[in-house]
Amino acid sequence: MHVPDGFLDVPTSVATGALAAGTVALALRKARTELDDRTAPLAGLTAAFVFAGQMMNFPLPGLPVSGHLIGAVLTAVLVGPWTAVLCMTVVLLVQAVLFADGGLTALGTNVFLMALLAVVVGYGLFRGLVAVLPRTRAGVLTATGIAAFASVPAAALTFVGLFEVGGTVDVPLGTVVAAMAGVHALIAIGEAAITVAVVGAVLAVRPDLVHGAAGLRRGVELQRRPTEPAGALR
């Protein structure tokens, strides 16, 4: 999913970069409504987790690009979609500058695919599912898994569209489609499993911190013990 320098032509790179820059600028303002003293540390931890997960790359046969976990839905469900855009952008920027994972001239394209498109598609699907599913832990995790799975092929196939419009590498379009769709179908399964596991773990201990679980109904209500008079024998 990390697009290298020179893989797309200048107009395509500029267009995706402009969309990415505008969205990030908007997210800088909107994220203030999602973050507070409790959730800001979680955003940092989530970004660190996604950074580590994205460093595990899977080479795509026949193409000079790699596939890996995205983490867009994971971040959006935990800390909100606007904060997720910022977290993902920071992760991609650090990877490009310090580890040469994705080209600097293609940074806007990578941000567009993974920090914008994957968040919009994934979180949009998540919100649609939680609106019809029971507002329980199981319902939230079901929506999370489906959304995480869908976000991966959405980003991969959008890349195929960008390549068809502005690809500069002499690789047949059929090869690109086969590589992106086939490998990323498997990656999507891992993406969904990891996302559900992480969100489920946070829900188990601090459901109040999970942005996408606002209004979640507790499966078991705690019963208050009757107050015993002072000095009562046990």
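Further up the page is the structure itself.
Attention here is on the structure that accompanies the text. As the structure is a computational prediction, the values presented were derived from the model and not from experiment. (Residues numbered from 1 in each chain as written. Predicted model: local features only at pLDDT ≥ 70, side-chain atom pairs only at ≥ 80, totals over all residues. Heavy atoms only, no water.)

### Here we look at the overall build of the protein
As a reminder of what qualifies: In this description a helix means any DSSP run of H or I spanning at least four residues, a strand means any run of E spanning at least two, and both kinds are numbered starting from the N terminus. For every residue, the accessible area obtained with a 1.4 Å probe (protein chains only) is divided by the maximum for its type, and the residue is called buried under 20%, exposed over 50%, and partly exposed between those limits. It only takes one pair of heavy atoms within 4.5 Å for two residues to be counted as in contact.
Tallying secondary structure elements over the protein gives seven helices and two strands in all. For the protein, the sequential pattern of α-helices and β-strands runs α-α-β-β-α-α-α-α-α. Sorting the 234 residues of the protein into buried and exposed places 47% on the buried side. Sequence-distant contacts in the protein: of pairs separated by 6 or more residues, those separated by 24 or more amount to 79%.

### Here we look at the nonpolar core
Just so we agree on the cut-off: For this analysis, a nonpolar core means a set of buried residues of the types Ala, Val, Leu, Ile, Met, Phe, Trp, Tyr and Cys, connected via side-chain atoms within 4.5 Å.
Ile-70, Leu-78 and Phe-126 are the most contacted members of the largest nonpolar core, which totals 67 residues. Mapped onto this core, the elements with two or more residues apiece are helix H1 (10-30), helix H2 (40-54), helix H3 (72-79), helix H4 (81-99), helix H5 (107-132), helix H6 (137-166) and helix H7 (173-205).

### Observations concerning the packing of aromatic side chains
The description of an aromatic ring pair uses the distance of the two centres, along with the angle that the planes make with each other. To be explicit about the condition: Here a Phe, Tyr or Trp ring, Trp counted by its six-membered ring, pairs with any other such ring whose centre lies within 6.5 Å, and the pair is stacked when the planes are under 30 degrees apart, edge-to-face when over 60, and tilted otherwise.
In this structure the tally under the stated criterion is four aromatic pairs. Taken together, a centroid distance of 5.7 Å and an interplanar angle of 20° make the contact between Phe-7 and Phe-159 stacked. Residue Phe-7 is located in the segment before H1, and its partner Phe-159 is located in helix H6; the two are separated by 152 residues in the primary sequence. The exposure classification of Phe-7 matches that of Phe-159, with both residues buried. By the ring-pair criterion, three or more aromatic residues cluster together here, those being Phe-7, Phe-159 and Phe-163.

### Quick word on the pattern of salt bridges
To be explicit about the condition: When a carboxyl oxygen of Asp or Glu is within 4 Å of a side-chain nitrogen of Lys or Arg, the pair counts as a salt bridge.
In the structure shown here, the tally under the stated rule is three salt bridges. A salt bridge links Asp-36 to Arg-38; the shortest N-O distance between them is 3.6 Å. Two residues, Arg-206 and Asp-208, come together in a salt bridge whose shortest N-O distance is 2.7 Å. Judged by its relative accessible area of 37%, Arg-206 is partly exposed. A relative accessible area of 43% places Asp-208 in the partly exposed class. Salt bridges sharing common partners tie together Asp-36, Arg-38, Arg-206 and Asp-208.

### Remarks on H1
Short version of the rule: Expected span of a helix: the number of residues minus one, times 1.5 Å. What the arc describes is the spread of directions from the helix axis to the C-beta atoms.
With 21 residues, H1 ought to run about 30 Å at 1.5 Å a step, and its terminal C-alpha atoms sit 30 Å apart, in line with that. Listed as buried for H1 are Thr-12, Ser-13, Thr-16, Ala-20, Thr-23, Val-24 and Ala-27. Across the axial projection of H1, the buried residues extend over an arc of 110°, all falling on one side. Exposed and oriented more than 90 degrees from the buried face of H1 are Val-10, Pro-11, Val-14, Ala-18, Leu-28 and Arg-29. Summarising the contacts, the buried residues of H1 are in contact with H4, H5 and H6.

### Notes on the environment of Val-91
Position of Val-91 among the secondary structure elements: in helix H4. Owing to a relative accessible area of 3%, Val-91 belongs among the buried residues under this scheme. Separated by 20 residues in sequence, Val-91 and Val-111 have C-alpha atoms that sit 9.6 Å apart. Discounting chain neighbours no more than four positions away, the residues touching Val-91 are Ala-47, Val-50, Phe-51 and Gln-54.

### Focus: the packing of H1 against H4
Using the following cut-off: Axis definition: a line fitted to C-alpha atoms, over the contacting stretch in the case of helices. Angles run 0 to 180 degrees between N-to-C directions. Roughly parallel refers to an angle under 35 degrees, roughly antiparallel to one over 145, roughly perpendicular to one between 65 and 115, and oblique to any angle outside these ranges. Two helices crossing with the near one rotated counterclockwise from the far one by less than a right angle form a left-handed crossing, whereas a clockwise rotation gives a right-handed crossing. Charged means Asp, Glu, Lys or Arg here, nonpolar means Ala, Val, Leu, Ile, Met, Phe, Trp, Tyr, Cys or Pro, and polar covers whatever is left, Gly included.
Orientation of H1 relative to H4, taken along the N-to-C sense of each, is 125°, at an axis distance of 8 Å. By the angle between their axes, H1 is oblique relative to H4. Crossing angle aside, the handedness with which H1 passes H4 is left-handed. Contact residues: H1 offers Thr-23, Val-24, Leu-26, Ala-27, Leu-28 and Lys-30, while H4 offers Trp-82, Val-85, Leu-86 and Thr-89. Looking at the contact of H1 with H4, its residues break down into seven nonpolar, two polar and one charged.

Shape is all these values report; function is a separate question.
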